[in-house]
Amino acid sequence: MFTGLGPVLTLRCGVWSLASASPVLPSLSSFNHHNLKLSLRDAHDMETYQRFVCLLLAVFLCVEGDVADESVNWDDLSDPSCPSAGELSPCVCFVLSKSAYLDCSAVESEEELAEVFSRNVAFPPFKKLTIENNTHLKVLRAGALGNVSFEEVFIHGGVLEEVENGSLSASYSTALKLNFGSNYLTSFNFDDIQFFTRLQEIVLDDNKLYELPHISSNSLTSLSIGKNPLSSLSNTAFADMPELRAVSIFDTGLNNLFEGTFVGLANLTWLDLSGNELTHLHIEAIQVRVFGASIHLDHNSISVVLPGGVTGLKGGFVYLYNNKISVLEEEVWRAVLEEGNTLDFKYNPLACGCDIAWLVRNTTLLKFVDSMTTCENGDLLADLDPAYYAEVC
């Protein structure tokens with residue numbers, strides 16, 4: 001128990017504890033991170049490593065005396081729910097807030113990963129599996145994780161190319177989040193998604209996936225697959241995901257959005273299609289039923305929006321800045337504005353001819369257009385003279 005250092009800190013690491021009321025701690029300068037070369041494989045004694053980590057945490061937590069006026073509790077890293085360090089090496093198990101976490105970032109091959117999970121060890125149900133910045137693991141094979149279950153899987157920033165069907169079968173009833181972002185995935189176990197009974201979130205951003213097939217899930221609420229070379233998107237891809245609330249498909253090169261692609265998703269509140277190559281918005285391409293939802297279509301090449309391209313939205317936001325829209329047809333946008341939706345048309349080459357007279361002369365509707373929206377010549381829409389349009393148009 002530390003006192004006189006701001007918050008009271010209770011810290012237990014392995015079988016080693018810090019309990020001095022006036023501890024003598026090393027100076028922060030002695031922990032220059034540029035000189036810290038300790039790796040899991042180089043540590044001759046894993047318990048020594050764990051104690052070192054805990055001491056380092058103590059230094060940074062205790063010197064900040066004004067962080068919070070409450071206790072900070074760290075669980076025992078040698079908690080019985082974690083196998084001993086040697087039993088899982090090169091993976092590391094630790095416990096926080098009574099949940100077990102497993103970090104296998106140091107594995108050097110797919111065979112080594114499978115070997116760890118094949119050992120005769122009493123594995124606990126884990127909160128999270130982390131494999132980060134690993135340059136060896138290219139395929140997550142079926143059976144590689146044995147019968148061990150996880151609530152979260154975070155395999156990020158590596159060279160992973162394929163996730164096989166069945167590779168996460170032990171987590172079908174436990175997994176809540178899957179994050180495989182910033183890898184080299186060309187193949188993912190989309191067919192398996194239907195078997196996850198509690199899965200809520202999938203992140204596949206920044207990979208090499210060329211298609212998003214039809215996915216079935218009664219639990220999934222969030223899907224992000226930005227920065228993949230998708231190019232096209234099936235209009236049935238989301239048809240069997242009734243709980244979907246957030247979809248992010250940004251910076252993919254998507255060049256077409258077919259009728260019905262985002263129709264029938266009763267809970268959709270966030271749709272990000274920014275940074276693509278869309279040129280048209282077809283009839284009934286997007287239907288939103290949730291009040292206050294946001295639709296991001298900015299940084300595309302949209303020049304044509306057909307009537308009914310966006311329907312159902314009320315009190316929401318449609319971001320269309322940085323596109324190629326030159327006219328604002330009344331038959332397209334009046335209905336959208338009358339539902340109290342805010343439209344952002346900044347950085348579009350708006351001609352501001354008679355096509356916009358209906359809007360300029362209606363101050364009630366004009367207030368729902370972003371105030372910084374300008375005509376191609378730089379004039380603000382908000383500054384245009386309604387009388388001029390009444391006379392000329």
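A.B. asks: Where do I start with the state of the cysteines in this structure?
C.D. replies: Covalent bonding between the sulfur atoms of two cysteines defines a disulfide. One pass over the full model with this rule turns up four disulfides. At a sulfur-sulfur separation of 2.0 Å, the disulfide partner of Cys-352 is Cys-375. Between Cys-352 and Cys-375 the disulfide shows an S-S torsion of about -100°. By sign, it is left-handed. Linking Cys-352 in the loop between strand S21 (342–344) and helix H5 (357–360) with Cys-375 in the loop between helix H6 (363–366) and helix H7 (386–392), this pair joins segments that are 23 residues apart in sequence. Taken individually, Cys-352 and Cys-375 each receive the classification buried, so the pair is uniform in this respect. Note that Cys-354 is cross-linked by a disulfide to Cys-393, the S-S spacing being 2.1 Å. Between Cys-354 and Cys-393 the sulfur-sulfur dihedral comes to about -85°; the bridge is accordingly left-handed. Taken together, the residues span a long stretch of sequence, with Cys-354 in the loop between S21 and H5 and Cys-393 in the segment after H7 at a distance of 39 residues.

A.B. asks: How should the environment of Leu-365 be read in this particular structure?
C.D. replies: If you trace the backbone, Leu-365 turns up in helix H6. According to the relative accessible area criterion, Leu-365 is buried, its value standing at 6%. Taking the C-alpha atoms as reference points, Leu-365 and Arg-334, 31 residues apart in sequence, are found 8.0 Å from one another. With residues up to four places along the chain from it excluded, the contact list for Leu-365 reads Arg-334, Leu-337, Glu-338, Trp-358 and Leu-359.

A.B. asks: Looking at this structure, how should I read the environment of Gly-308?
C.D. replies: Within the fold, Gly-308 resides in the loop between strand S18 (304–305) and strand S19 (310–311). Taking the C-alpha atoms as reference, Gly-308 lies 8.9 Å from Ala-335; in sequence the two are 27 residues apart. Excluding residues within four positions of it along the chain, Gly-308 makes contact with His-282, Ile-283, Glu-284 and Ala-285.

A.B. asks: Would you mind showing me how to read unusual backbone geometry here?
C.D. replies: Leave glycine aside and you will find that most residues have negative phi; peptide bonds, for their part, are mostly trans. Residues Ser-89 and Pro-90 are joined by a peptide bond in cis, for which omega reads 10°. Here Pro-90 is to be found in the loop between helix H2 (85–88) and strand S4 (92–96). Of note in this structure, His-299 is not a glycine but carries a positive phi near 55°. Its place among the elements puts His-299 in the loop between strand S17 (294–296) and S18. Although it is not a glycine, Tyr-347 sits at a positive phi angle of roughly 60°.

A.B. asks: Before we go on, may I ask you to explain helix H3 (residues 110–117) in this structure?
C.D. replies: Quick reminder: α-helices carry 3.6 residues per turn. Residues three or four places apart thus point the same way. When H3 is considered as a whole, its buried residues turn out to be Glu-110, Glu-112, Leu-113, Val-116 and Phe-117. Projected down its long axis, H3 shows its buried positions confined to an angular sector of 165°, all on one face.

A.B. asks: Can you help me understand the nonpolar core in this one?
C.D. replies: Across soluble globular proteins, you tend to see nonpolar side chains buried next to one another. Of all hydrophobic cores here, the largest spans 96 residues; its most connected members are Phe-180, Phe-238, Phe-262, Ile-286 and Leu-381. For this core, the elements supplying multiple residues, two or more each, are S4, strand S5 (99–103), H3, strand S6 (126–132), strand S8 (150–156), helix H4 (330–338), H5 and H6. Dropping the residues within four chain positions of it, Ile-286 is found in contact with Leu-257, Phe-262, Leu-271, Leu-273, Leu-281, Ile-295, Leu-297, Gly-309, Val-310 and Thr-311.

A.B. asks: Please clarify how the sheet that holds S17 should be interpreted in this entry.
C.D. replies: Neighbouring strands of a sheet are bound in pairs by backbone hydrogen bonds; such pairs are parallel or else antiparallel. One open sheet holds the 12 strands; their spatial order is S4-S5-S6-S8-S10-S11-S12-S13-S14-S17-S20-S21, and the pairing between them is mixed. One side of each edge strand has no neighbouring strand; the edge strands of this open sheet are S4 and S21. Within the sheet, the average angular offset between the axes of one strand and its neighbour, ignoring direction, is 10°. Two strands pair when backbone bridges link them, and strand S20 (residues 317–319) and S21 are joined in this way by three bridges, in the parallel orientation. By the bridge assignment for S21, Val-318 is matched with Leu-343.

A.B. asks: Can you help me understand H4 in this one?
C.D. replies: Val-332, Trp-333, Val-336 and Leu-337 are the residues of H4 that are buried. Along the long axis of H4, the arc covered by the buried residues comes to 100°, so they all point the same way. Against the buried residues of H4 lie S18, S19, S21, H5 and H6. One or two steps after H4, the chain reaches Gly-340, where phi turns positive at roughly 75°.

A.B. asks: What is the right way to read the packing of aromatic side chains from this model?
C.D. replies: Geometry of an aromatic ring pair is reported as the spacing of the ring centres plus the angle between the planes. Under the definition given, this model contains 13 aromatic pairs. Aromatic side chains Tyr-172 and Phe-195 sit 5.6 Å apart centroid to centroid with 45° between the ring planes, which places their arrangement in the tilted category. One end of the pair, Tyr-172, is in the loop between strand S9 (162–163) and strand S10 (177–179); the other, Phe-195, is in the loop between S10 and strand S11 (201–203), and 23 residues separate them in sequence. By relative accessible area, Phe-195 is classed as partly exposed at 41%. Residues Phe-317 and Tyr-319 carry aromatic rings whose centres are separated by 6.3 Å and whose planes lie at 10° to one another, so their mutual orientation is stacked. By relative accessible area, which is 32% here, Phe-317 ends up partly exposed. By relative accessible area, Tyr-319 is classed as partly exposed at 22%. Feature note: the residues Phe-117, Phe-123, Phe-126 and Phe-150 constitute an aromatic cluster, connected by ring pairs. Positioned above the aromatic ring of Phe-154, the side-chain terminus of Lys-128 is 4.8 Å from the ring centre. Sitting above the plane of the Tyr-321 ring, Lys-346 keeps its charged end 5.3 Å from the centroid.

Scoring rules and cut-offs
- Residues numbered from 1 in each chain as written.
- Predicted model: local features only at pLDDT ≥ 70, side-chain atom pairs only at ≥ 80, totals over all residues.
- Heavy atoms only, no water.
- Disulfide = S-S within 2.5 Å.
- Helix = DSSP H or I, 4+ residues; strand = E, 2+ residues; numbered from the N terminus.
- Buried < 20%, exposed > 50% of the residue type's maximum accessible area, 1.4 Å probe, protein only.
- Contact = heavy atoms within 4.5 Å.
- Arc of directions from axis to C-beta.
- Core = buried A, V, L, I, M, F, W, Y, C linked by side-chain atoms within 4.5 Å.
- Pairing = 2+ DSSP bridges.
- Axes fitted to C-alpha atoms, helices over the stretch in contact; angles between N-to-C directions.
- Phe/Tyr/Trp six-rings, centres within 6.5 Å; stacked < 30°, edge-to-face > 60°.
- Lys NZ or Arg CZ within 6 Å of the ring centre and 35° of its normal.

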